[in-house]
Each structure stands twice: as C-alpha cells, then as structure tokens.
Amino acid sequence: MPLSRRCVKVSRSHNLSPVYLDMDPGIDDALALYAALARLDVRGLATVAGNVDLDRTFENGRQLLQLAGRSDVPVWPGSRAPIFMSLHTAPEIHGPHGMGAREFSEPTAAPALSETPWQAWPALWSREPEPVHLIATGPMTNVAKLLWCLPEGEKHLTGITVMGGAVEGGNVTPTAEFNFYVDPEAADAVLAAPVPVSMVGLDVTWKARMPWSDVERMAHWGAVGQLLADALGWYGRHGEAVSEGLAVHDAVAVTAYAHPEWFTWEPMKLSVRADGRWRGTVVRVPGTASDRRPVRVAVDVETGPVMDWIMESVAHLADAAPK
Ligand code: RIB
Ligand code: CA
C-alpha cells in the first residue's frame with residue numbers, strides 16, 4: 001500500500017527541546033531539514049560551507065524553507081571556510097549548486113540576515129524560556145565558534161547532536177568522514193564541548209539506508225517531494241547509494257535526536273586528528289583523559305522505524321506545503 005500523503009498524521013515530538021539547525025545543504029541536509037520541520041520545534045537555521053560554498057548553502061537553506069512554506073524560520077549565514085584548513089567541497093556528490101541538477105532561481109521573500117550564528121545565537125538563546133538543542137549536519141566550524149562565544153554553554157543547550165565522524169571507516173579517506181575531514185579542529189572542539197554531545201556517524205548512517213522505492217514514492221508528493229526525489233536521485237547515482245539504498249546521513253541524525261531509542265549508544269571519549277594523512281580521523285582517548293567528557297556515540301540502529309519516520313515526516317510536510 002503506497003504511503004498516501006492524505007492519511008499521514010504525524011506526532012510532533014512535544015517532549016523535546018526547541019531546535020536550532022546548523023547545516024550545509026546539500027541533499028541529505030535537505031531531507032533532514034524537512035523531517036525536522038515536520039516533527040520538531042525548529043527555531044532557526046544556520047548554514048556553513050561544506051558540500052558547496054557558503055553562498056550556495058545559504059541560498060539553498062532559504063529556498064528549501066520557502067518551498068516548504070516555512071520562510072518563518074530565520075536563516076543565518078555562517079562560516080565561509082574551516083578554522084584553519086582550506087575548504088573542501090563535494091559538488092561531485094551534491095551537484096554544482098548543492099541540490100543535484102537543480103539551481104534555484106525563484107526570489108526568496110524572507111529578509112536575509114547578516115549576523116553570523118555565533119554573533120546572534122548566544123543572546124537569542126539567553127532569552128529562550130528553556131534550553132535549546134543544536135543539531136549539526138555539516139562541518140563543525142559554526143558550532144565550534146558558537147561554543148567559544150557561548151559562556152556557560154551548558155545553561156542554554158540541552159546538548160548537540162552531530163552528524164559526523166566514524167568509529168570505523170571513512171568516506172573521504174579510509175578513516176575520515178566528510179564533515180570531520182573538512183574541519184577537523186572544529187570537530188575536535190565539539191567533541192570536547194562542556195555539554196552533552198551525541199555523535200551519529202557513518203557507523204549507523206551507512207547501515208540505515210533509504211531504499212530507492214522510497215525515493216520514487218516521494219516524486220508523487222508535490223513540489224517538496226519532487227525536489228527531494230530529483231535531488232536524492234542525483235545523490236544516489238553520484239556515489240551515495242549501494243544496492244540496499246541511499247545513505248541519508250543527516251536525516252538519520254535528526255531521527256536520532258527525536259528517537260534515540262531506535263539507536264544503540266556507547267559513551268566514548270574521543271578526539272579528532274588534524275594532521276596529514278589522519279586528517280579528520282576520530283580516535284578514542286583514555287577514559288582518564290580529564291579535558292573532555294564522554295560523547296554518546298551511535299553504534300547501531302534499527303533501520304525500519306528510522307526510515308518509516310523520515311518518510312512519514314516528509315509526507316506530512318509535503319502535504320502541508322503550499323501547492
Ligand atoms: O559524510 C556525510 C556528511 O557529509 C553529510 O552531512 C553530508 O551532507 C556531507 O555534509
Ligand atoms: Ca551535511
């Protein structure tokens with residue numbers, strides 16, 4: 001029975017903190033953004049250079065929100081480059097403009113913010129009635145700068161969920177995942193943050209794959225579904241798919257925040273190597289290391305409920321989007 005958009009009623013996750021997103025849209029970021037909008041209380045989006053340059057990730061963020069009828073969500077432009085490293089992008093996987101073959105041309109109505117997230121968010125969060133949660137699905141450059149600008153971070157953040165890294169494996173080098181490879185110093189700073197950090201890395205995002213049949217179903221879900229189906233088709237054909245389906249890394253990370261019970265977690269003290277051939281590699285540090293707290297690392301996942309949740313989220317958002 002194909003998933004009919006009309007029958008989809010989704011439960012919004014009411015017992016979760018309000019969410020701020022930091023992304024490098026990017027095709028799997030787009031899927032993650034739409035799932036988050038459908039289920040979570042998304043208060044803001046920052047973009048960072050990663051899959052493509054900052055101008056494109058910023059424009060893509062604004063366009064994706066407009067297409068979904070959510071231009072109410074403010075978008076902040078973040079970092080143009082990693083803290084020390086030169087920028088490394090992935091147009092071969094995400095397309096020249098970050099959305100497959102698509103290049104947005106529609107004007108965006110929402111005002112373009114000029115402050116950076118690390119300038120704006122500390123004051124904003126201090127005025128929030130409750131602590132917020134940050135979900136980061138691009139290189140960690142913005143998040144590291146934010147942590148340096150956020151005095152007493154633990155007061156304002158319930159935690160940070162990070163798509164990045166891997167205990168085993170890599171997709172840029174044999175041992176380094178893209179987000180941590182692009183800005184290893186920022187990734188290391190985030191894994192040493194004085195707030196709860198959950199790392200959702202390739203260990204689970206390579207396992208929980210979206211079947212091609214789900215991508216085909218989305219194509220019938222209006223403008224939002226068509227955009228995702230086209231973009232994910234490009235993404236899958238350009239390297240992020242195997243026979244079992246597509247690795248939709250960032251959408252799995254959003255799901256891990258909303259439903260941690262579908263994942264198996266292990267506490268690990270971690271650092272990220274920045275030097276030479278080990279750039280971006282996650283290494284375990286001894287439990288006695290006093291300069292960092294354990295990170296909650298996703299080491300296994302139940303693919304079925306994760307993919308069902310993502311699809312129901314997208315169907316709901318597509319149904320509610322302007323026609
Ligand atoms: O390694 C996968 C990650 O790198 C995802 O966030 C993808 O969007 C790219 O940014
Ligand atoms: Ca991303």
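Residues numbered from 1 in each chain as written. Chains lettered and ligands numbered in written order. Predicted model: local features only at pLDDT ≥ 70, side-chain atom pairs only at ≥ 80, totals over all residues. Heavy atoms only, no water.

Colleague: Is there a simple way to explain the coordination of the calcium ion (ligand 2) in this structure?
Modeller: Each donor-metal-donor angle in an ideal tetrahedron of four donors is 109.5 degrees, and each such angle in an ideal octahedron of six donors is either 90 or 180 degrees. Donor atoms from the polypeptide that bind the calcium ion (ligand 2) are Asp24 (OD), Asp29 (OD), Asp29 (OD), Thr137 (O) and Asp250 (OD), placed at 2.2 to 2.6 Å. Each donor residue of the calcium ion (ligand 2) belongs to the same chain, with the gaps between them written as D-x4-D-x107-T-x112-D. Of this pair, aspartate 29 sits in helix α1 (residues 27–39) while threonine 137 sits in the loop between β4 (132–136) and α5 (141–149), placing them 108 residues apart in sequence. (Donors = N, O, S within 2.8 Å, 3.2 Å for Na, K, Ca; no water. Helix = DSSP H or I, 4+ residues; strand = E, 2+ residues; numbered from the N terminus.)

Colleague: Even after reading the chapter, I still don't get the pairing of strand β6 (residues 197–200), so can you show me in this structure?
Modeller: A regular strand carries its side chains on alternate faces of the sheet. A two-sided burial pattern is seen for β6, the buried positions comprising Val197 and Met199 on one face and Ser198 and Val200 on the other. For strand β5 (residues 157–163) and β6, the ladder comprises four bridges, and the chain directions are parallel. Across the sheet, the residue bridging to threonine 161 is serine 198, located in β6. Relative to strand β12 (residues 295–301), β6 is paired through two bridges, and the arrangement is parallel. Paired with serine 198 across the bridge in β12 is arginine 296. (Buried < 20%, exposed > 50% of the residue type's maximum accessible area, 1.4 Å probe, protein only. Pairing = 2+ DSSP bridges.)

Colleague: Can you walk me through the packing of aromatic side chains in this structure?
Modeller: Centre-to-centre distance and the angle between the planes together describe a pair of aromatic rings. Under the definition given, this model contains five aromatic pairs. Ring plane angle 35° and centroid distance 5.8 Å describe the contact between phenylalanine 263 and tryptophan 265, whose orientation is recorded as tilted. Grouping aromatic residues by their ring pairs yields a cluster made of Tyr20, Trp76, Trp121 and Trp125. It is arginine 279 that lies over the ring of tyrosine 181; its NZ or CZ is 4.1 Å from the centre. It is arginine 296 that lies over the ring of tryptophan 265; its NZ or CZ is 3.9 Å from the centre. (Phe/Tyr/Trp six-rings, centres within 6.5 Å; stacked < 30°, edge-to-face > 60°. Lys NZ or Arg CZ within 6 Å of the ring centre and 35° of its normal.)

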